[in-house]
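# Coordinates in review
As a plain string of letters, each chain reads:
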Amino acid sequence: MEARRRGATIIHIDPRFTRTSAMANLHVPIRAGTDVAFLGGIVRYILENERYFRDYVVAYTNAATLIKEEFQDTEDLDGLFSGWDPKGGHYDVESWQYEGTSDTVPAAGHKEIFAEKGAGIPRKDRGRDVLDEKKDETLQHPRCVFQLLKRHFARYTPEMVERITGCPQELFLKVAQTLCDNSGRDRTSAFAYAVGWTQHSIGVQYIRTAGIIQLLLGNIGRPGGGIMALRGHASIQGSTDIPTLYNLLPGYLPMPHAEHAPDLAAYIHGNEAATNWWSEFSKYVKSLLKAWWGAAADASNDFCFDYLPKLTGNHAHMVTVKDMADGHVSGYLVVGENPVVGSPNGALQRRGLRRARWLVVRDFQPTETAEFWRTSPEHERGEVRAEEIGTEVFFFPAAAHTEKDGTFTNTQRLLQWHHKAIDPPGDARSDLHFAFHLGRRLKALYADSRERRDEPIQRLTWDYPTEGRHDDPSAEAVLREINGYTVADGKPVSGFTELKADGSTACGCWIYAGCYAEGVNQTARRKSHREQIWVAPDWGWAWPANRRILYNRASADPDGKPWSERKRYVWWDEKALKWTGSDVPDFIVDRPPSYRPNKRAKGLDAIGGNDPFLLQADGKGWLFAPSGMMDGPMPTHYEPQESVVRNLLYKQQCNPARHEFRRRDNRYHRAFDDPRFPLVMSTFRLTEHHTAGGMSRTLPWLSELQPEMFCEISPALARARGVTNGDWATLTTARGMIECRVLVTERMTPLAIDGRRIEQVGVPWHWGAVGRVRGDAANELTAFGEDPNVNIMESKALTCDLVAGRRPRGEAGREAFARLDDALTLDADERRALDEEGLRGAGPPLPEPTQMEPKG
Amino acid sequence: MSSALERKRQVGFFTDTTVCIGCKACEVACKQWNQLPDDGFVFTGMSYDNTAHLGSSTWRHVGFVERQRPLQSQTTGLGAFSWIFHSDVCKHCQEAGCLENCPTGALIRTEFDTVYVQPDVCNGCGYCVVGCPFGVIDRREDDGRAWKCTLCYDRLKADMEPACAKACPTDSIVFGDLATLEARAEARLKSLHADGVSEARLYGRDLDGVGGTNAFFLLVDEPEVYNLPPDPVVPQRTQGESWRMVGVGALAMAALALGAVLSARGRR
Amino acid sequence: MSATRRSLTLLPRTVRADRIVRSVCPYCAVGCGQLVYVENEQITNIEGDPDSPISEGCLCPKGSATYQLVTGSHRVQQVLYRRPFSTHWETLPLEQAMDMVAERVKETRDATWQDRDEKGQTLNRTLGIAHLGGATLDNEENYLLKKLYTSLGMVQIENQARI
């Protein structure tokens, strides 16, 4: 609203007309799951109409870079890129590389990608010859990225956008024009997405497409530009920075893979880049190991690298739960999360919990996850009884944010300290208290062990000072360790540039280095916004280096001058010979714009004065990703795992690299045109509730605002199904059956998709079986299935059916649920017929993700 | 012991519905500050409005109107459609029907020119309820007393902004001195008209039947669309026959509004 | 029409606060500033922090309900324990429950430990224990959890950020 007040045009693209739509200048409904088609249409519009910001694109992106001759596009292979291994279900990225380089060009923060099978093996000096890449700055060469992009998106015409997404051409063109009109030297446009964008089998490519648009329009690294994730948890950014994620160590350092990282040297070789910022990798990982194992870690023992457990496959949430359901995982700690409501396929989640031996849940009150043994749809249908469930369950009451010190990292990477106001009630404790005292107990239990495998816990640095009557560990002491310090004197480092690879520094999370600079808790700074410049650098602390806009070198032109007075942000000061401006420059502060590395330059010396994207090995923004993506170097429209239509662009129906879990308890619908499930379904959130409801469905003030589970449908669908506003209806998929109230509203509208009328159903996912207000959970309907890059489920685009009335209960419910299981997948004849048509998306099962990669 | 209050300031609310995002922060902030109970957990089916109306425990209420006509400043793929939100509140009338009907002196005009129910005086007679042409003031079932927006009387005493206005993320609710608010409202109206939103209009200050209101609104449609009476008149304004007529009218309107709510709730 | 003594002396409860503690909204990732008013070791009010450049004193409905989140009757104050095959919760002293969890972790870890895989590659891990959670936690909490779990050889450490 602030932007609108200042004259910005707000465009809202959403299948539903929401409260955001109501505030927008332009609301564009599209079919859920077709965003790459829509955004791809914008890419084509920009390229065909020469609307790109040419100076920016040539200087700061890899548009001019030539790609190897072997590369083949989806245009050549009908929906696949070169390098596809149909048996393994993944890509080899060899043919996607830059011409002139002999090696894989490493992506920034490529995480475990290089440890994944099929993504190339670690090589010595990865990216060392990236400076040998061939370029054509006229952007005319048929194999330059610019021309490849143009060819790749050539078929994403306004007509095609309309056929796939249901958005009328005129409306689509209005979006494209508005976006282009508001980008360039004098103006910038921003994308904001809710994390629903990630919940697709090609979610990462959605965001990549937005990234391509923003690079073409020159909207990255500049004020008013960028792509912003509107995320739903107070520290969801922080929880990936300092991850509780299987594939990461703090600061986006990858967890080591058994095959590729037998020792520290191999691990570093496999992950550092020869050029640009990831050449500093070894400093960060060694400092982390020093922080964790202190004096026990030194050069003679690989800094205790051996102590880190090793990955062998996909250890993400859905694989874990699947293995739990199959009896392979005994213990489960669930801290401030409620997977029975919040994760896909609630029935499979509970099946896992029923097979676990012990479960710990920490929350304000018992959630559906804590109560699974006595309250669930299975209990209601009489399929399971508490007396038959052997799981031992511990529920620990948690302290609230007002009862503990600590930092949240918000969605803009800003760390803000919240101060403890009072003690928690009764036996409620902070999660810090839980972690610390559990660690203390385990150290005691293992104290006398002589086993080598117990050394990591014995030697773990764990001597945080405690305070208060509950022996709370000092959160500030933990933050000091996260910040990092010099080992000799314990003095906090002032930033990651002070970290060393010789064991003289320790640092818990290199990107957070500086948050405790000079021994001052920088995250607790609260200078009023009225008393500082608009960037507000003295409020909290943003990683990295208190920088508020990443890649802000790109806010100046190649010569270091602001692109325009209006968009002045960071620039090269000719007199002082340094970068300066409203923000901490995201560049080597005294490196002039004119600097060019020689061809054999390494490390930070390889960063040219016109390379704003310091973390990429070539310093450029990637329109084309030669590595780092599991499902293609350029985004491609694939239909969701479950769709109402065929892919109109390619024979390849779905993302070929997606992860499927083909199990009896995770049935999929036909890939398209399943007559039993003709409706498109998308889950969504309400302002009045918080995620799975554990922090909102217990509060009267929020519960009264949205008291019951409902779904939103159009008047036409309501008529067709014989329901009126406020009635009960039952939604079904092959996974489950839920009942809800019906909100019949003009805000939902059928779309014309390739000549057919397609109805969509909006389903909020906040409700569950316990709490002050209760209702069926939307995730009873969704399926396990993953985006291959980040293992996120597809809950924003699937198919379902809706019938009038409440769902059957008891015996009748059991029968109805059992019927869901029957004959839902394609029979052999149908599958053969589809295979013959080349609809591989609906074809043979893909290899299922596992924790142990198959041998070979 | 009591004494009359001398006017210090004339304050009120200007609620600009064109920037209301329907988030209901005002409803909750009001409940938080005034420690009000919930209104029950009832799905009404009335768009996103499940608290339905102002009442003894809901002193700010956000309404949601789905209209079969476009908003002048907006284009949508849905065609002739728009969704408008508005945060309703006690109008703090210059001629306040509730106050004039109050036989106990519980209702007073404060030093801030607002209308306040003194809970330590109110005996729950309910005369004020029929006196309000907007159907705002309401008796609470448990204690029988009449309650409504106090315009955060306690906060005003310490120079604090009322809770709803403070929480409002878009400044749809603005608190301030009447003169300032009026100027702001006029300027906003002018700018909307200049932008082609010719339907924009102000509601409240020139409602003669209640002597004008301290809480006033910027709307983009007829007041009825927002469930606001187009021409409210305090019952006391006229005597005899006409007083009865108006009173009956006001009652009927309140009953109608209540009836609509009950029937919506009754569907459950 | 006259004001009572109560009306004349009325003041907001916040003036009685012993301290005002600066905080951050615990709901979404915008990170709005909050002021927490404490009187006699009880929270009496939570509202927006006008100094915050992010929120300038505003809060959304969830943020405005924070007072109820932290003071509401829904908050459980004792450890609850459900024995295998039991039909009800029991309460447990906190220290005992912590001891029991530590024992379960050790027991499961020791029983499911993997030194090496079939190819002889080092694993040093357990696949017997998993963790989920973290997006509502403080960075310091996630840091200690990740550090502890990793030292125990756990790899199935997951988070809302994945979903």
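Residues numbered from 1 in each chain as written. Chains lettered and ligands numbered in written order. Predicted model: local features only at pLDDT ≥ 70, side-chain atom pairs only at ≥ 80, totals over all residues.

### Observations regarding the overall build of chain B
Helix and strand counts for chain B stand at 7 helices and 12 strands. Within chain B, the proportion of its 268 residues that are buried is 50%. Of the contacts made within chain B by residues no fewer than 6 positions apart, 62% connect residues no fewer than 24 positions apart. (Helix = DSSP H or I, 4+ residues; strand = E, 2+ residues; numbered from the N terminus. Buried ≥ 20, exposed ≤ 12 C-beta atoms within 10 Å, placed from the backbone. Contact = placed C-beta atoms within 7 Å.)

### Things to note about the sheet that holds strand E10 (residues 173–177) of chain B
All names here are of chain B. Spatially, the 4 strands line up as an open sheet ordered E10-E2-E12-E11, and their pairing is mixed. The sheet is open, and its two edges are formed by E10 and strand E11 (201–203), each paired on a single side. Sheet twist, expressed as the average angle between the axes of neighbouring strands with direction ignored, equals 25°. Inspection of the sheet shows strand E2 (residues 11–16) paired to strand E12 (residues 215–219) by 4 bridges, in the parallel sense. Across the sheet, Phe14 pairs through a bridge with Phe216, a residue of E12. On the sheet, helix H6 (residues 178–194) packs against E2, E10, E11 and E12 and is oriented at approximately 135° with respect to E10. (Pairing = 2+ DSSP bridges. Axes fitted to C-alpha atoms, helices over the stretch in contact; angles between N-to-C directions.)

### Some words on helix H1 (residues 25–34) of chain B
All names here are of chain B. Across the 10 residues that make up H1, a large majority, 9, are buried. Those residues of H1 that sit buried are Ala25, Cys26, Glu27, Val28, Ala29, Cys30, Lys31, Gln32 and Trp33. Downstream of H1 by one or two residues, Gln35 has phi in the positive range, about 55°.

### What to know about unusual backbone geometry
Trans is the common state for peptide bonds, and a negative phi is the common state for residues other than glycine. All names here are of chain A. In this structure, the amide linkage connecting Trp543 to the following residue, Pro544, adopts the cis form with an omega of -10°. Among the structural elements, Pro544 can be located in the loop between strand E18 (541–542) and strand E19 (570–573). With phi around 70°, Arg413 is a residue other than glycine that occupies positive phi space. Tracing the chain through its elements places Arg413 in the loop between strand E12 (406–409) and strand E13 (414–418). Accessibility expressed as a C-beta count within 10 Å gives 19 for Arg413, which makes it partly exposed.

### A few points about the nonpolar core
Membership of the largest hydrophobic core comes to 351 residues, with the highest contact counts inside it found for Val43(A), Cys711(A), Leu731(A) and Ala29(B). Shared between two domains, this core holds at least three residues of each, these being domain 1 (12–71) and domain 2 (93–162) of chain C. What Ala29(B) contacts, discounting residues up to four positions off in sequence, is Ala163(B), Cys164(B), Lys166(B), Ala167(B), Leu59(C) and Ser64(C). Of all hydrophobic cores here, the second largest spans 8 residues; its members include Ala556(A), Tyr569(A), Trp572(A) and Trp579(A). (Core = buried A, V, L, I, M, F, W, Y, C linked by C-beta atoms within 7 Å. Domains from an automatic or database assignment.)

### Regarding helix H11 (residues 264–271) of chain A
All names here are of chain A. Among the residues of H11, Leu264, Tyr267, Gly270 and Asn271 are the ones counted as buried. Down the axis of H11, the smallest arc covering the buried residues is 130°, so these residues share one side. Packing partners of the buried residues in H11 comprise strand E8 (253–254) and helix H12 (281–293). (Arc of directions from axis to C-beta.)

### Description of the environment of Pro70(B)
Residue and element names in this part refer to chain B. As for its position among the elements, Pro70 is in the loop between strand E3 (60–67) and strand E4 (75–76). Residue Pro70 is classed as partly exposed on the basis of its C-beta count, with 14 C-beta atoms lying within 10 Å. Taking C-alpha positions, Pro70 is 41 Å from Glu100, a pair spaced 30 residues apart along the chain.

### A few points about the interface of chain A and chain C
Accessible area lost during the coming together of the parts is what is often quoted as the interface size. Each partner contributes residues to the interface: chain A has 121 residues there, and chain C has 96 residues. The leading source of residues in the side of chain A that touches chain C is helix H17 (residues 431–445) of chain A, at 10 residues. Grouping the constituent residues of the side of chain A that touches chain C by class yields 63 nonpolar, 44 polar and 14 charged. The pairing of strand E11 (residues 392–397) of chain A with strand E5 (residues 79–82) of chain C spans 3 bridges and is classified as antiparallel. When the sheet's bridge partners are listed, Val393(A) is paired in E5(C) with Arg82(C). (Nonpolar A, V, L, I, M, F, W, Y, C, P; charged D, E, K, R; others polar.)

### Section: the environment of Leu359(A)
Residues and elements named next belong to chain A. Mapped onto the fold, Leu359 is located in strand E10 (residues 358–363). For Leu359, a count of 25 C-beta atoms within 10 Å gives the class buried. In this structure, the C-alpha to C-alpha distance between Leu359 and His659, residues 300 residues apart in sequence, is 27 Å. Among residues more than four places away in sequence, those in contact with Leu359 are Tyr332, Val334, Leu353, Thr391 and Val393.

### Some thoughts on the pairing of strand E6 (residues 227–230) of chain A
The two faces of the sheet receive side chains in turn, since in a regular strand these alternate between them. Residue and element names in this part refer to chain A. Pairing of strand E5 (residues 191–194) with E6 involves 4 bridges; the strand directions are parallel. Bridged to Phe191 within E6 is Ile227. Handedness of the crossover joining E5 and E6 through helix H9 (residues 203–216): right-handed. (Right-handed = clockwise from strand over helix to strand, strands pointing away.)

### Details of the interface of chain B and chain A
Facing 30 residues of chain B, the contacting portion of chain A comprises 35 residues. Of the residues that constitute the side of chain B that touches chain A, the class distribution is 11 nonpolar, 12 polar and 7 charged. Judged from the 2 bridges that link them, strand E2 (residues 26–28) of chain A and E4(B) form a sheet pairing that is parallel. Within E4(B), the position partnered with His27(A) by the bridge is Thr76(B).

### Section: the packing of helix H3 (residues 35–48) of chain A against H9(A)
Residues and elements named next belong to chain A. Taken N-terminus to C-terminus, the directions of H3 and H9 make an angle of 15°; their axes are 9 Å apart at the nearest point. Here H3 lies roughly parallel to H9, going by the angle between them. The way H3 lies across H9 gives a crossing that is left-handed. For the pair H3 and H9, contact is made by Asp35, Val36, Leu39, Gly40, Ile42, Val43 and Ile46 and by Gln205, Tyr206, Thr209, Ala210, Ile212, Ile213 and Leu216, respectively. Of the residues assigned to the contact of H3 with H9, the class counts are 10 nonpolar, 3 polar and 1 charged. (Parallel < 35°, antiparallel > 145°, perpendicular 65-115°, else oblique. Left-handed = near helix turned anticlockwise from the far one by under 90°.)

### Observations concerning the confidence of the model for chain A
Mean pLDDT for chain A: 93, with 94% of residues reaching 70 or above. Low pLDDT (under 50) marks residues 111–126 of chain A, which in the prediction has 47 contacts with non-local residues, meaning those over four places away or in another chain. (pLDDT = per-residue confidence, 0-100.)

### Concerning the packing of H3(A) against helix H8 (residues 169–181) of chain A
Residues and elements named next belong to chain A. At a closest axis distance of 10 Å, the pairing of H3 and H8 adopts a crossing angle of 55°. Judged by the angle between their axes, H3 and H8 are oblique. In the packing of H3 onto H8, the handedness of the crossing is right-handed. In this structure, H3 uses Gly41, Ile42, Tyr45 and Ile46 to contact H8, whose residues at the interface are Phe172, Ala176, Leu179 and Cys180.

### With respect to the sheet that holds strand E4 (residues 42–48) of chain C
Residues and elements named next belong to chain C. Ordered in space as E2-E3-E4, the 3 strands form an open sheet in which the pairing is antiparallel. Each edge of the open sheet carries a strand with a single partner, namely strand E2 (19–24) and E4. With strand direction ignored, the average angle separating the axes of adjacent strands in the sheet is 25°. As paired elements, strand E3 (residues 33–39) and E4 share 6 bridges and run antiparallel to each other. Bridging across to E4, Leu35 finds its partner in Glu47.

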